[in-house]
Amino acid sequence: MITSHYKISLLLAGLLSLALTLLPSAEAQEKDYAFYKGKVIEFVVPYAVGGGFDAYARGLKPHLENYIPGTTVVIRNMTGGGGLTGTNQLYRSKGDGLTVGIINGAGMVLNQILGAKEALYDLNKMGWVGRVYADTHVLAVPSKSPFRTAQDLKNAKRTIVMAQTGKGSDDFFLTYLAFKALGIPHRNIIGFQGAPEAIMAVLRGEEDGFMDSYSTLEKVIKEGEMRVIFQVSLARDDPRIKDSPTLLELVGEDAGEMITGISSVFAFERPIAAPPGVSPARLNVLREALWASLQDPGMIEWSKKVRPILPLRGEETEKLLRQALAAGNKLKPLLEDSLK
Amino acid sequence: MLDAALQGLLMAAEPGVLLYVAFGTVLGLIFGVIPGLNGPIALALLTPLTYKMDAASAMAFLLATYGAVSYGGSVSAILIGVPGTGENVATCFDGYEMTKKGEAGRALAASATASGLGAIVGVVVLIALLPVLRGIVLSFGPPEVLMISLWGLTAIAALGGSIQRGLISGGIGLLLATVGFEPVSGTLRYALGTIYLYDGINLTAALIGLFAVTESISLVAKGGTIQRPDIRAIGSVLEGVKDVFRHWFLFVRCSIIGLIVGIMPGVGGAVGNIIAYSHALQTTKGNYGTGDVRGVIAPESSVNSKEGGDLIPTIAFGVPGAASMAILLNAFYLHGLNPGKELLTTKLSYTFLMAFTLLVGNILSSLFGLSFARLLSKIALVRASVLAPLILVFSFLGSYGVNGRIGDVAVTFLFGLLGLWLKKYDYVRAAVVIGLVLGEIIERSYHLSIQTFGWSFLLRPLTLILLAFTILTLLYPVIWGKEKEGEA
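Residues numbered from 1 in each chain as written. Chains lettered and ligands numbered in written order. Predicted model: local features only at pLDDT ≥ 70, side-chain atom pairs only at ≥ 80, totals over all residues. Heavy atoms only, no water.

Side note on the sheet that holds strand S3 (residues 99-102) of chain A
Residues and elements named next belong to chain A.
- Pairing is mixed across the open sheet formed by six strands, whose spatial order is S2-S1-S3-S10-S4-S11. This sheet does not close on itself; its edge strands, each paired only once, are strand S2 (72-77) and strand S11 (312-313).
- Relative to S11, strand S4 (residues 127-131) runs antiparallel, the two being bridged by two bridges. If you follow Gly130 over to S11, its bridge partner there is Arg313. (Pairing = 2+ DSSP bridges. Helix = DSSP H or I, 4+ residues; strand = E, 2+ residues; numbered from the N terminus.)

Laid out in structure tokens, this is it:
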């Protein structure tokens with residue numbers, strides 16, 4: 001009797017603990033698909049029609065509609081303020097799970113850290129649906145440039161001149177931090193309307209180089225017009241640029257923390273966010289749908305032709321945000337310095 | 001090369017491809033007519049339609065749409081004084097006045113012919129320059145952009161009744177252009193504490209206000225119809241076609257201006273037609289601003305030749321020459337084409353395909369325009385009490401619809417009031433627009449030139465040539481008394 005009693009209580013305890021361990025995750029996994037039937041999801045793009053952010057939104061639209069049955073995804077381009085208008089708008093939208101948006105993660109992290117008064121959002125409070133893509137950033141110089149390595153840049157008899165789109169833009173901070181880490185003095189030519197104009201100026205020989213994401217530069221690099229000097233990363237993870245040294249290799253472990261910081265901030269790229277207050281049951285639907293969309297053969301086919309993808313789940317994206325904010329806060333004095 | 005040309009021609013002549021060209025043309029015209037919708041938006045929205053098409057059809061469809069949008073834009077510029085796209089800003093300066101005078105048909109025909117032939121010039125020059133494309137693209141830097149924009153700016157002095165009024169109006173435009181982030185330091189100017197103004201005044205919203213709103217309100221105030229009631233004619237369509245040939249030299253010059261502006265980096269679509277208009281104004285004697293057909297021919301000949309120019313950096317370096325080009329590039333990748341040097345080598349036939357479709361598309365849209373000119377121009381005879389509210393509704397819808405920002409609606413409204421005020425006191429709205437469009441590009445390219453070269457940028461050969469043009473343009477009326485134009 002005792003033994004069987006014991007067995008039963010053991011069984012009960014086991015079941016209970018099993019239930020207890022399962023319960024929270026079961027709750028977290030709860031998905032309110034029913035809510036989405038016949039609803040319209042607004043997909044906010046803080047940049048103009050035809051740009052990179054817009055391309056992802058339009059590429060994802062049919063798949064999201066497919067994986068959240070009964071919904072229609074409407075893309076809303078809310079341009080302005082270098083992406084601030086759309087991000088603010090997204091933040092202030094109702095947290096009912098019917099609004100999502102693709103944002104310039106690194107740029108918005110930098111704005112928040114520097115306390116830009118126009119940044120009316122708090123990334124910590126937003127819901128993170130996932131990440132579409134994160135790129136490796138590189139320094140590219142014209143193929144005809146006498147500079148072949150970072151050492152050449154260091155040994156240069158004159159100041160290195162770099163093209164930039166605007167003070168406070170992503171490429172501006174990136175250039176400042178990378179050159180600071182390398183200890184190479186440089187001069188900026190600022191004011192190009194966009195990356196294409198900056199690239200053309202470098203090709204005309206007006207500047208020595210330009211720093212941006214590899215995808216932005218990939219075309220001219222593949223055309224043989226430019227080459228990569230180094231990549232801003234901790235390891236040579238990106239299969240497209242295996243031959244280019246990383247900033248960490250060049251600078252050494254001393255500046256490791258700084259480079260980790262830079263790469264953490266810039267790894268938080270192109271995330272998809274929801275406004276604060278979306279219930280877990282709905283956020284889970286969005287997360288599942290985005291993840292499934294990004295694995296869909298159709299989307300993978302699209303990504304091979306139009307824009308690369310590097311998917312990350314919502315939970316991971318949230319972790320990445322914490323890392324980026326922490327790393328960014330450490331870099332704050334440097335970033336503030338660069339704006340002086 | 002001939003081989004590739006023939007191959008390209010064969011691809012373009014495929015019935016399926018031709019059908020897509022026609023389809024694209026019609027869609028492009030519709031996008032163009034509606035104020036606020038423009039080429040980049042048309043391309044972005046239509047790209048998904050090409051998913052199932054083969055590469056040649058997709059390319060032809062999108063390029064034809066792209067080419068037709070600007071012609072569609074000139075239709076609304078001429079008939080109701082509302083530039084449908086930024087590329088037709090200057091067309092409404094004289095085109096709308098022609099409509100008022102009862103010459104809508106003639107204006108529409110002139111615009112169709114000039115833009116159709118302009119496309120031919122653009123394409124022919126593009127093909128002729130294929131071997132030397134790279135050198136040409138690399139010779140235009142910020143100093144050249146600065147000089148050509150300054151050249152365009154000189155027009156503000158010549159517009160309108162008096163030099164003073166022209167200069168004041170142009171100055172208002174230049175001042176308005178300074179709103180928002182300063183391009184180099186990122187300092188905010190006159191943003192009035194609202195994020196909306198960070199990117200400056202939205203050109204489309206401002207244009208809709210300055211022209212559509214102002215004109216509909218004055219139309220209601222005046223009553224009657226757009227066209228003067230004593231005139232029932234719409235002008236001869238044939239006359240409009242002939243006009244272009246009558247002013248063939250002006251047409252060629254303006255086509256070349258369009259082409260050069262297209263090649264230049266970072267110069268938006270609104271700039272080319274304004275510089276062409278300004279060039280016409282400065283070098284020929286006429287009654288510009290009061291319905292001179294040359295005021296339609298000049299900007300329209302530049303609009304489509306510019307597209308040939310836009311293709312050049314894309315083909316030579318794989319770097320998009322304009323916003324629309326960036327979207328086109330995306331669509332091309334989607335169809336396995338990799339625009340860039342291979343368009344000069346292994347895929348040369350596709351370059352010809354692109355050239356031929358632009359050509360066919362533009363000729364088609366011109367033919368559409370010509371055949372409907374008579375019908376379309378009847379709009380000018382609709383009573384103000386019916387037409388004006390319709391125009392107003394579409395204006396505000398267009399202004400709001402593009403970006404979905406209420407700020408754009410406010411800009412449209414305020415610029416409508418500004419337009420009324422300017423009109424009442426005989427200031428020149430055209431000059432305001434010229435200042436507004438060129439202000440940003442002048443400031444940006446000036447700073448880039450100084451940062452890159454210091455003042456020695458003035459000694460660059462091409463810069464010197466353009467500077468000489470500007471000075472000559474300014475002195476021309478003084479020295480030659482504007483009589484030796486030989487074109488009127």
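A few points about the domain arrangement of chain A
Residue and element names in this part refer to chain A.
- In terms of domain boundaries, chain A breaks down into domain 1 (28-134 + 268-327) and domain 2 (141-265).
- Distance between the C-alpha centres of domain 1 and domain 2: 28 Å.
- Residue-level contacts link twelve residues of domain 1 with seven residues of domain 2.
- Taken together, the two surfaces of domain 1 and domain 2 that pack against each other cover about 770 Å², and 60% of this comes from carbon and sulfur.
- Together, Leu110, Tyr133 and Ala327 form the three largest contributors to the area buried by domain 1 at its contact with domain 2, with a combined 42%.
- Linking domain 1 to domain 2 there are zero salt bridges. (Domains from an automatic or database assignment. Contact = heavy atoms within 4.5 Å. Buried area = accessible area lost by both parts, 1.4 Å probe. Salt bridge = Lys/Arg side-chain N within 4 Å of Asp/Glu carboxyl O.)

Remarks on the pattern of salt bridges
- Within the structure shown, the criterion is met by 36 salt bridges over all chains.
- With its nearest N and O atoms 3.9 Å apart, the salt bridge here joins A:Glu218 to A:Arg240. One end of the pair, A:Glu218, is in helix H9 (residues 214-222); the other, A:Arg240, is in the loop between strand S9 (226-232) and helix H10 (247-251), with 22 residues separating them in the sequence.
- In this structure A:Glu218 comes out as buried when scored by relative accessible area, which is 19%.
- Since its relative accessible area comes to 30%, A:Arg240 is described here as partly exposed.
- When the shortest N-O distance is used, the salt bridge between B:Lys100 and B:Glu215 registers 3.9 Å. Note that B:Lys100 is positioned in helix H5 (residues 91-100) and B:Glu215 in helix H10 (residues 203-222), a separation of 115 residues in sequence.
- Judged by its relative accessible area of 5%, B:Glu215 is buried.
- What you see here is one network of salt bridges that share partners, running through A:Asp135, A:Glu218, A:Lys222, A:Asp238 and A:Arg240. (Buried < 20%, exposed > 50% of the residue type's maximum accessible area, 1.4 Å probe, protein only.)

Some points on the nonpolar core
- In terms of nonpolar packing, the biggest core is built from 135 residues, with A:Leu217, A:Met226, B:Phe93, B:Val433, B:Ile434 and B:Leu438 touching the most fellow members.
- Per-element tally for this core: the top contributor is helix H4 (residues 55-80) of chain B, with twelve residues. (Core = buried A, V, L, I, M, F, W, Y, C linked by side-chain atoms within 4.5 Å.)

Some points on helix H9 (residues 163-177) of chain B
Residues and elements named next belong to chain B.
- End to end, H9 covers 21 Å across 15 residues, agreeing with the expected 21 Å (1.5 Å per residue, within 8%).
- Along H9, the residues classified as buried are Gly166, Ser169, Gly170, Gly173 and Ala177. For H9, the angular spread of the buried residues around the axis is 95°, confining them to a single face. Along H9, the residues that are exposed and aim more than 90 degrees away from the buried face are Gln164 and Leu175.
- Against the buried residues of H9 lie helix H19 (429-453). (Expected span 1.5 Å × (residues − 1). Arc of directions from axis to C-beta.)

Digging into the sheet that holds strand S6 (residues 160-164) of chain A
All names here are of chain A.
- Taken in spatial order, the five strands of this open sheet run S7-S6-S8-S5-S9, and their pairing is mixed. Both edges of this open sheet fall to strand S7 (186-190) and S9, since each of them pairs with a single strand only. For this sheet, the mean inter-axis angle between neighbouring strands, taken without regard to orientation, is 35°.
- Where strand S5 (residues 137-142) lies against S9, six bridges are found, and the strand directions are antiparallel. By the bridge assignment, Val141 is partnered in S9 with Arg227.
- Sheet contacts for helix H8 (residues 195-203): S5, S6, strand S8 (209-213) and S9; angle to S8, the most-contacted strand, approximately 150°.
- With respect to the sheet, H9 is in contact with S5, S8 and S9, its orientation differing from that of S8 by roughly 125°. (Axes fitted to C-alpha atoms, helices over the stretch in contact; angles between N-to-C directions.)

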